[in-house]
Amino acid sequence: MKSVKLSLKMTTQVLSGAVMAVTLWTGAASSADEVNLYSARQPFLMAPLIKEFTAKSGIKVNMVYLKKGMLERLKAEGANSPADLILTTDVGNLNNHLNADVLQATKSSILEANIPDQYRHPEGKWYGLTTRARIIFAHKTRVKIGEVTSYEDLAAPHMKGRVCTRSGKNVYNVSLLASIIEAKGEAAAEAWAKGLKANLARKPQGNDRAQVKAVFNGECDVSLGNTYYMGLMETNTKKPEQKDWAASVNVIFPNQKDRGTHTNISGAAVTKSAKNKANAIKFIEFLTSNKAQKIYAEDNFEYPVKAGVALHPVVSDWGTFKADDLHLSNVAKQRTLATKIMDRVRYDN
Ligand code: FE
């Protein structure tokens, strides 16, 4: 008996105000030489990776770029979802998919060899592909060398009125707080969040880059942000003012004398609905290859998850650092509590 063909409308999706060119679904969801990808990672980054993979494997990648709403879409589509795998950033987003039961466990000796244990789910339900550290940007002259060396310093009395951050609901900040819960316990983490809130120069607002702009403008002296944003600012020829923001701050990898810097991932996971599971695993394996890891490093200033792959020169200029050794799967489990703490300290109010 012939299987029912999925009728998938050809659409151009309008996402967050921007029109994104997407590969269109035109046929059945299962095919020997195809794989269907939902990606929260941008087309500019994915295009060279997909091109390389298809050239090497003969497997066509149908990608839908979903800046927002991926999980809602997967839940709505259920078992009929055409998606075989997802790509997204932060273990928080991966964990939300895990909790919604839209992912499945997979096993791959290649992935186990290429990805350090702490950056992949213990049962293979998600895999880290790149890492990014959540670091401190400190004004070059207003912050003295040694004045801020840890996340804890940001919450100390001497930083009163000198800190800018984005929302306490932001996925990156929730994961950072979750890592502090995991490392030091709930009470210490809540005291930290309270201290950080008390030190804010302004109400939380804007994205990671907007905090560095605020430091540049003199609104505050320090901010929190992910490493790749520094690379994007330092090299931004389209918006050269961002080079000035970047030039006004030093990069500080927090907690080098103790537990290390909170380091998160961008990652991939195979969906529960996958019809092309083997191809999905092949694609994830490819994304951890030397060639793909180099593309991530060169095009988006990320740290390769695989050992031995060269960094972008801009990134290596920041120096080496010690990442904390917490398993991100355990950090992810503290995210619900982290969100509650952010609410309890009224972080955004
Ligand atoms: Fe980001």
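Residues numbered from 1 in each chain as written. Predicted model: local features only at pLDDT ≥ 70, side-chain atom pairs only at ≥ 80, totals over all residues. Heavy atoms only, no water.

For the rest of this paragraph, the subject is the environment of Ala47. Looking at where Ala47 falls in the secondary structure, it is placed in helix 1 (residues 43-57). Ala47 sits in the partly exposed class, given a relative accessible area of 44%. (Helix = DSSP H or I, 4+ residues; strand = E, 2+ residues; numbered from the N terminus. Buried < 20%, exposed > 50% of the residue type's maximum accessible area, 1.4 Å probe, protein only.)

What follows deals with the packing of helix 6 (residues 171-184) against helix 7 (residues 186-199). Relative to each other, helix 6 and helix 7 sit at 140°, their axes nearing to 7 Å. It follows that helix 6 is oblique to helix 7 by the angle criterion. Considering how the two elements wind past one another, helix 6 and helix 7 form a crossing that is right-handed. Residues Leu176, Leu177, Ile180, Ile181 and Lys184 of helix 6 touch helix 7, and the partners they reach there are Glu186, Ala188, Ala189, Trp192 and Ala193. (Axes fitted to C-alpha atoms, helices over the stretch in contact; angles between N-to-C directions. Parallel < 35°, antiparallel > 145°, perpendicular 65-115°, else oblique. Left-handed = near helix turned anticlockwise from the far one by under 90°. Contact = heavy atoms within 4.5 Å.)

Right, let's get into the nonpolar core. One finds Leu37, Val222 and Phe283 to be the most contacted residues of the largest nonpolar core, which totals 77 residues. Of the domains in this structure, domain 1 (10-131 + 263-311) and domain 2 (133-262 + 320-344) are the two that each give at least three residues to this core. Residues in contact with Phe283, not counting those within four places in the same chain, are Leu37, Met46, Ile50, Phe53, Val61 and Leu85. Listed in part, the 24 residues of the second largest apolar core include Val212, Val215, Tyr229 and Val249. (Core = buried A, V, L, I, M, F, W, Y, C linked by side-chain atoms within 4.5 Å. Domains from an automatic or database assignment.)

Turning our eyes to something else, we now look at the packing of helix 1 against helix 11 (residues 277-287). For the pair helix 1 and helix 11, the least separation of the axes is 11 Å and the interaxial angle reads 115°. Of the two elements, helix 1 crosses helix 11, and the hand of that crossing is right-handed. Here Met46, Leu49, Ile50, Glu52, Phe53 and Lys56 of helix 1 lie close against helix 11, whose contacting residues are Asn279, Lys282, Phe283, Phe286 and Leu287. Residues belonging to the contact of helix 1 with helix 11 are distributed by class as follows: seven nonpolar, one polar and three charged. (Nonpolar A, V, L, I, M, F, W, Y, C, P; charged D, E, K, R; others polar.)

Attention shifts here to the coordination of the iron ion. Each pair of donors in an ideal octahedron of six around a metal sits at 90 or 180 degrees, and each pair in an ideal tetrahedron of four sits at 109.5 degrees. Bound to the iron ion are the protein donor atoms Tyr172 (OH), Tyr228 (OH) and Tyr229 (OH), situated 2.0 Å from the metal. Motif for the iron ion, donor spacing along one chain: Y-x55-Y-Y. Linking Tyr172 in helix 6 with Tyr228 in helix 9 (residues 227-234), this pair joins segments that are 56 residues apart in sequence. With relative accessibility at 5%, the residue Tyr228 sits in the buried group. (Donors = N, O, S within 2.8 Å, 3.2 Å for Na, K, Ca; no water.)

Evaluated as defined, the whole model comprises 17 salt bridges. Between Glu152 and Lys184 there is a salt bridge whose closest N-O contact spans 2.8 Å. Of this pair, Glu152 sits in helix 5 (residues 151-154) while Lys184 is found in helix 6, placing the two residues 32 residues apart along the sequence. Glu186 is the partner of Arg344 in a salt bridge, and the nearest nitrogen-oxygen pair spans 2.8 Å. Residue Arg344 is located in helix 15 (residues 335-344), and its partner Glu186 is located in helix 7; the two are separated by 158 residues in the primary sequence. Given the relative accessible area of 41%, Arg344 is considered partly exposed. In this structure Glu186 comes out as partly exposed when scored by relative accessible area, which is 36%. Each of Arg142, Glu147, Arg162 and Asp221 takes part in a single network of salt bridges with overlapping partners. (Salt bridge = Lys/Arg side-chain N within 4 Å of Asp/Glu carboxyl O.)

On to the side chain of His327, then. Inspection of the secondary structure assignment puts His327 in the loop between helix 13 (313-316) and helix 14 (328-333). Engagement of the side chain of His327 in a polar contact is seen with the backbone oxygen of Arg120, the distance being 3.3 Å. A polar contact of 3.0 Å, which involves the side chain of His327, links it to the backbone nitrogen of Ser329. In contact with His327, not counting residues within four places along its chain, are Asp117, Gln118, Arg120 and Pro122. (Polar contact = N/O pair within 3.5 Å; in protein donor to acceptor, adjacent residues only side chain to side chain.)

Attention shifts here to helix 7. Between its first and last C-alpha, helix 7 extends 20 Å over 14 residues, near the 20 Å set by a 1.5 Å rise per residue. Taken together, the buried positions of helix 7 are occupied by Ala189, Trp192, Ala193, Gly195, Leu196 and Asn199. The arc enclosing the buried residues of helix 7, seen along the axis, measures out at 165°, which places them on a common side. Exposed and oriented more than 90 degrees from the buried face of helix 7 are Ala187 and Lys194. (Expected span 1.5 Å × (residues − 1). Arc of directions from axis to C-beta.)

Time to look at helix 3 (residues 91-99). Helical periodicity: at 3.6 residues per turn, an α-helix aligns residues three or four positions apart in one direction. Those residues of helix 3 not exposed but buried are Val91, Gly92, Leu94, Asn95 and His97. A distance of 2.7 Å separates the backbone nitrogen of Gly92 from a side-chain oxygen at the start of helix 3, and that oxygen is part of Asp90. Downstream of helix 3 by a residue or two, Asp101 has a phi angle that is positive, lying close to 60°.

Most of strand 4 (residues 60-65) sits inside the fold, with five of its six residues counted as buried. Across six bridges, the pairing between strand 3 (residues 34-39) and strand 4 is parallel. Along strand 4, the bridge assignment pairs Asn36 with Asn62. With helix 1 bridging strand 3 and the parallel strand 4, this β-α-β connection has right-handed handedness. (Pairing = 2+ DSSP bridges. Right-handed = clockwise from strand over helix to strand, strands pointing away.)

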